[in-house]
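Residue-level structural notes
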Amino acid sequence: MKNILLGLFTIISISTFASEANTNANKRGDITGTIIDGYDSRAIEYATIALYKSDNKELVTGGISDSEGFFRLKGNPQGNYYLTITFMGYKTKDIPNIIIEEKTKEFEIGNIILLPNNTEIEEVAVIADQAAVQYKIDKKVVNVSQQLTAKSGTAVDILENVPSVKVDIEGNVSLRGSGEFTVLIDGRPTVLDPSDALSQIPATAIDNIEIITNPSAKYEPDGTAGIINIITKKNKLNGFSGIINANSGTNKSFNSFDRYGGDFTLDMRQENFHFYLGGDYNVHNMEGNMEYNRDRFFTDTVVHIASMGDFERNHSRGGLRAGADWSFTKADNIGINVRVGNRDSERNTYKDYEQWKTPSADDRIQNKTEDLSSRGGMFYSTTLDYKHTFNENTDHYLQFQTTVDGRNSDEKSNNYKYDLTGLLVEGKNTTESGPSNGYQFKLDYSQPFAWGAKLESGAHINISNSKDDNEVFDYDTSLVQPAYVYQSNYSNTTKYKRNTYAAYSTFGGELGDFGYQGGLRIEYTDRLLELVEKNESFKIERPDLFPTLHFSYKLPADQQTMLSYSRRIVRPRGWYLEPFITYMDAYKVRQGNPDLKPEYVNSFELAYQKKIKKNFISVESYYRITENKIERVVLPYNNEKTISLNTYQNSGTAYALGVELMANYSPFKWYTTNFMADLYDYRITGSTEDLENEGFSWNMRSNNTFKASQNTRFQLDLFYQSDRITAQGSYKGFFSTSIAYKQDFMKRKLSTTLQIRDIFSGWRHEMETDTPEIYEYTLFTPNTPIISLTVSYKLNNYNTKRGQRGDGNGGDVDEGGDF
């Protein structure tokens, strides 16, 4: 592996020294420019550029913009030309008077601003009402400002209205049916688990969310379903500005304000320097009813357990974030970003149990249980970036990034069983604590070539270490004075190390209307799990190859299509591997499996998009094969008749074949609807019949926005999820409806948003497990609807400005497209 990395660094060094001569030698009649979104000043990738002769309007050549919005049309003969730039959802832009003379090596246009189709211009103010979701050829971009029904929530609440994503009432996120995906924050990794990271970030601090379901070899291959990249708000204005948000809410019982919090972002930008500071604190609590039933089958009897009760989910999160970047030359930029925070969550249930046997049901046992669990701790992350750009070409660069992160995790689980008189008859206390830290190093190089191709290569190193101390205490009623006694046989210390060393390279370009990119990532994994007290260890040393392929083709009449393939990996999380017992409640225990193998995923996608005036449709089909599929399974726990074991197994191979349908339609200026549907067939071929299942599932979302006036809008969201299968059973479907009302004041400096989520109380988490030995039924029903009010105030008109050349002069675009 060291030889591979050494060879890669040698290639990068040679390419760097040779690049300037290569670029200058091939420049002749080149036309260059950068396509910029007039709404948020971001680069527009895959915009179509066409070059025409001015005299007869004959098409000469064309191309598409890259990930930085940059394009280059090479080797154009002498003449007078004009450019036409088009991109789905934006107004067409013409650039006249492009004159190539004999001595012209390069004609630099600079920044070219594209405006959304539905932009309205009033004097100097440009108010951009973007679509809730933009569909680019390789990703979906969620415009958070358009998600009014989730304004007081977190990134998790935003994702409830996003194609490809599902969120259950516990806040668990899945991407195309898989909970295994990678979360990036501003393109950087996070130390937290995906769902924890998403629930940590307030919606009002987010600018956009990018969904990338088939990334190239440049990205780390972790996660079945791809990448969710959170883009936080940073102002584009020179000078000082900021935004402050506050929210409060309650559920249908109106007995307390159990949801409240706020956040702020302060921003200072000068010509070559940028600094921002942000903070947030939010409390989100939920309560509701639950039901749990289980049948345990034996040769001649069936043991039944039935329970009903209440549950509480309490979450508090807070943190600070800060960053600065400095362009100390035209070609060099250095930046640092720091985030530190704390998270605490509680999961409590209070149930009445009844236990009996059939055919003899005479001896019925009744009791009450309290199961209280908590998890939390501090976390931090620091990232340092350096980027050097060659020849003022934003697509030719060398970039280095290093990240240091860590967290402290403290978990407690207290389980109490009482008889009907209130006497404690059984109790267990479990604690788990320990630190985790990681280091990431990335070196990336991009080299464009004169004939329209581009080479990207790099090396990535990830180092992570963690330690967990697990202690178990049992309530001993045999003592004269009953007390909790330490259980050494069930207590353990676990050390976990996982290091990965990777090198990658991608090569792509365009041949007329045809685009291509091929990539290969080589990884070496060094993983060690140690059980200190048991003196056992589980070690993996494994090389892996992850190829990727991407093809695109530009069709006439505002159409585009893409075909892609990637191979990915899902590595078991640390607590999936820990083999000690943790009591979930008096009747359920959880245990990890150190013998788990990683999942390997082969993912295929075919996408098609069609623009119809201001509207569009998008169709994405996908086929995913997952080997060594990791599933949560329910098994008997030793010889216990009343306790079940929840653990993880490699169940076999899973196949998912589906299609996503998306459409945006604006029949009137005052009404826009976004429709999304996902239909897929899912089947699991297991090692045993108990782990085999198949079924068809679908879900539908409809996001409807009504603009009553320039400062007033309403939003209605509808969502339906059908039944979907697991290896041993299924999740039941549900339907939910949410509405929101937003009003702006003081020339849009002050805004209020009133939200009512799940108006008709349709949310639920309903699951069945059905095997020859065990049947389980679980139902959680939260107390909804949830009512929230969010107030936002902009300091110094916190927004994005742009001029004709994107230089910050001229009219302004209202931040996030808000009205």
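Residues numbered from 1 in each chain as written. Predicted model: local features only at pLDDT ≥ 70, side-chain atom pairs only at ≥ 80, totals over all residues. Heavy atoms only, no water.

Some details on the packing of aromatic side chains
Formally: Two rings from Phe, Tyr or Trp (for Trp, the six-membered ring) form a pair when their centres sit within 6.5 Å of each other. Planes less than 30 degrees apart are called stacked, planes more than 60 degrees apart edge-to-face, and all others tilted. Think of it this way: any DSSP run of H or I at least four residues long counts as a helix, any run of E at least two long counts as a strand, and we number them from the N terminus. Relative accessibility thresholds used throughout: buried, under 20% of the residue-type maximum; exposed, over 50%; partly exposed, between the two (1.4 Å probe, protein chains only). By definition, being over a ring means that NZ of Lys or CZ of Arg is both within 6 Å of the ring centre and within 35 degrees of the ring normal.
Counted by the stated rule, this structure contains 21 aromatic pairs. Between the aromatic rings of Y576 and Y648, the centroid separation amounts to 4.1 Å while the plane-to-plane angle is 10°, which identifies the pairing as stacked. One end of the pair, Y576, is in helix α4 (residues 574-577); the other, Y648, is in strand β36 (residues 644-668), and 72 residues separate them in sequence. According to the relative accessible area criterion, Y576 is buried, its value standing at 12%. Their ring planes at 45° and their centres at 5.0 Å tell us that W698 and Y720 sit as a pair that is tilted. With W698 in strand β38 (residues 693-709) and Y720 in strand β39 (residues 712-721), the pair connects residues that are 22 residues apart, well separated along the chain. By relative accessible area, W698 is classed as partly exposed at 36%. The lysine or arginine in question, R364, covers the ring of W356, its NZ or CZ lying 4.4 Å from the ring centre. Across from the ring centre of Y292, 4.6 Å away, lies the NZ or CZ of K588, which sits over that ring.

Topic: the nonpolar core
For soluble globular proteins, nonpolar side chains are generally found buried alongside one another. Which entries qualify depends on this criterion: Nonpolar cores are built from buried Ala, Val, Leu, Ile, Met, Phe, Trp, Tyr and Cys residues. Side-chain atoms within 4.5 Å join them into one set. Whether two residues touch is decided by their heavy atoms; if any such pair falls within 4.5 Å, the residues are in contact.
With 21 residues, the main nonpolar core has L159, L198, I209, I211, I228 and I230 as its most contacted residues. Sorting the residues of this core by element identifies α2 (155-159), β13 (173-175), β14 (182-185), α3 (194-200), β16 (206-212) and β17 (227-232) as the ones contributing at least two each. The element that contributes the greatest number of residues to this core is α2, accounting for 4 residues. Not counting residues within four places of it along the chain, the set of residues in contact with L198 comprises T154, A155, V156, L159, V173, F181, V183, I228 and I230. By size, the runner-up hydrophobic cluster in this structure holds 19 residues, among which are I49, L73, I95 and L114.

As for a nonpolar patch on the surface
Put simply, the test is: By definition, no residue in a patch forms a salt bridge, and every one has over 30% relative accessible area; like charges are joined within 9 Å, nonpolar side chains (Val, Leu, Ile, Met, Phe, Trp, Tyr) within 5 Å. Only the protein chains shown count as cover for residues, and the accessible areas themselves come from Shrake-Rupley with a 1.4 Å probe. The salt bridge criterion pairs a side-chain nitrogen of Lys or Arg with a carboxyl oxygen of Asp or Glu, the two atoms within 4 Å.
Among the surface-exposed residues, F240, M268, F273, F275, L277, W326, F328, I334, I336, V338 and L384 lie close enough to one another that they form a single nonpolar patch of about 900 Å² accessible area. Contributions of two or more residues to the nonpolar patch are made by β20 (273-297) and β22 (332-358). Mapped onto the secondary structure, L277 falls in strand β20. Since its relative accessible area comes to 30%, L277 is described here as partly exposed.

Notes on the pattern of salt bridges
Inspection of the entire model under this criterion finds 24 salt bridges. Here D526 and K539 are joined by a salt bridge, their closest N and O atoms 3.0 Å apart. Highlighted residues: D526 in strand β29 (residues 514-531) and K539 in strand β30 (residues 536-555), separated in sequence by 13 residues. Given a relative accessible area of 12%, D526 falls into the buried group. Classification of K539 as partly exposed rests on a relative accessible area of 47%.

Overview of the pairing of strand β35 (residues 615-636)
Note the following rule: For two strands to be treated as a pair, DSSP must find no fewer than two bridges joining them.
Bridge analysis of strand β34 (residues 599-612) against β35 gives 13 bridges, and the strand direction is antiparallel. Within β35, the residue paired with K610 across the bridge is I617. If you look at the hairpin formed by β34 and β35, you'll find 2 residues sitting between the two strands, and K613 has a positive phi there, around 55°. Inspection of the sheet shows β35 paired to β36 by 19 bridges, in the antiparallel sense. Bridged to I617 within β36 is A663.

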